[in-house]
Amino acid sequence: MSGLRESLDLIRMVRPEAGTAAIDHEIAAERASSLGAAEARVIKTLKALAEASANREVVLDDARDAVWSYFVQRELVGFRRHADVILALAIPGDVLVGLGARPARRP
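All of these numbers come straight from a predicted model, not from anything done at the bench.

### Overview of helix H2 (residues 21-51)
Between its terminal C-alpha atoms H2 stretches 45 Å, which fits the 45 Å expected from 31 residues at 1.5 Å a residue. All buried positions along H2 are accounted for by Leu-35, Ala-38, Val-42, Thr-45, Leu-46 and Leu-49. Summarising the contacts, the buried residues of H2 are in contact with helix H3 (56-77) and helix H5 (93-97).

Below, the structure written as structure tokens:
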């Protein structure tokens, strides 16, 4: 990490206003990566839910948790409306109904 700090110090000496540009870029990249990972988890759990016959409640809880986490990630980045994502990912109503609810602990 010292290499990055040394680079930032050099940038500040040459152009002080550009000193945070590298960090701002890294933060934006991390946000995008995190959001992409959360969406991939939603897609994976929704697929598992569609294929589930046994233990459907467990898979449904996983899908609800994944969608809730994804919505939280989107809101942290500044996306407040989820209607387009709900349609695009075809998130079922039974997943949406239980968002934010925590299931009882399983033995």
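Having seen it, we continue.
### Remarks on the pattern of salt bridges
A full pass over the atoms with the stated rule returns 3 salt bridges. The salt bridge partner of Asp-94 is Arg-56, with a shortest N-O separation of 3.1 Å. A residue pair is termed long-range when its members are at least 10 positions apart, and Asp-94 in helix H5 and Arg-56 in helix H3 qualify at 38 residues. Ionic pairing is found between Arg-64 and Asp-61, a salt bridge with its closest N-O pair at 3.9 Å. Here the residue Arg-64 and the residue Asp-61 both occupy positions in helix H3, the gap between them amounting to 3 residues, near one helical turn.

### Overview of the packing of H2 against H3
It is at 9 Å that the axes of H2 and H3 come closest, and there the two elements cross at 160°. Judged on the interaxial angle alone, H3 and H2 are roughly antiparallel. The interaxial crossing formed by H2 with H3 has left-handed handedness. Counted by class, the contact of H2 with H3 contains 13 nonpolar, 4 polar and 7 charged residues.

### Observations concerning the confidence of the model for the chain
With 79% of its residues at a pLDDT of 70 or more, the chain shows a mean pLDDT of 85. The weakest mean pLDDT in the chain belongs to helix H1 (residues 2-14) at 65; the strongest belongs to helix H4 (residues 83-88) at 95.

### A few points about the environment of Leu-99
One can find Leu-99 in the segment after H5. Sequence separation between Leu-99 and Ala-66 is 33 residues, and the spatial gap between their C-alpha atoms is 9.2 Å.

Parameters at a glance
Residues numbered from 1 in each chain as written. Predicted model: local features only at pLDDT ≥ 70, side-chain atom pairs only at ≥ 80, totals over all residues. Heavy atoms only, no water. Helix = DSSP H or I, 4+ residues; strand = E, 2+ residues; numbered from the N terminus. Expected span 1.5 Å × (residues − 1). Buried < 20%, exposed > 50% of the residue type's maximum accessible area, 1.4 Å probe, protein only. Contact = heavy atoms within 4.5 Å. Salt bridge = Lys/Arg side-chain N within 4 Å of Asp/Glu carboxyl O. Axes fitted to C-alpha atoms, helices over the stretch in contact; angles between N-to-C directions. Parallel < 35°, antiparallel > 145°, perpendicular 65-115°, else oblique. Left-handed = near helix turned anticlockwise from the far one by under 90°. Nonpolar A, V, L, I, M, F, W, Y, C, P; charged D, E, K, R; others polar. pLDDT = per-residue confidence, 0-100.

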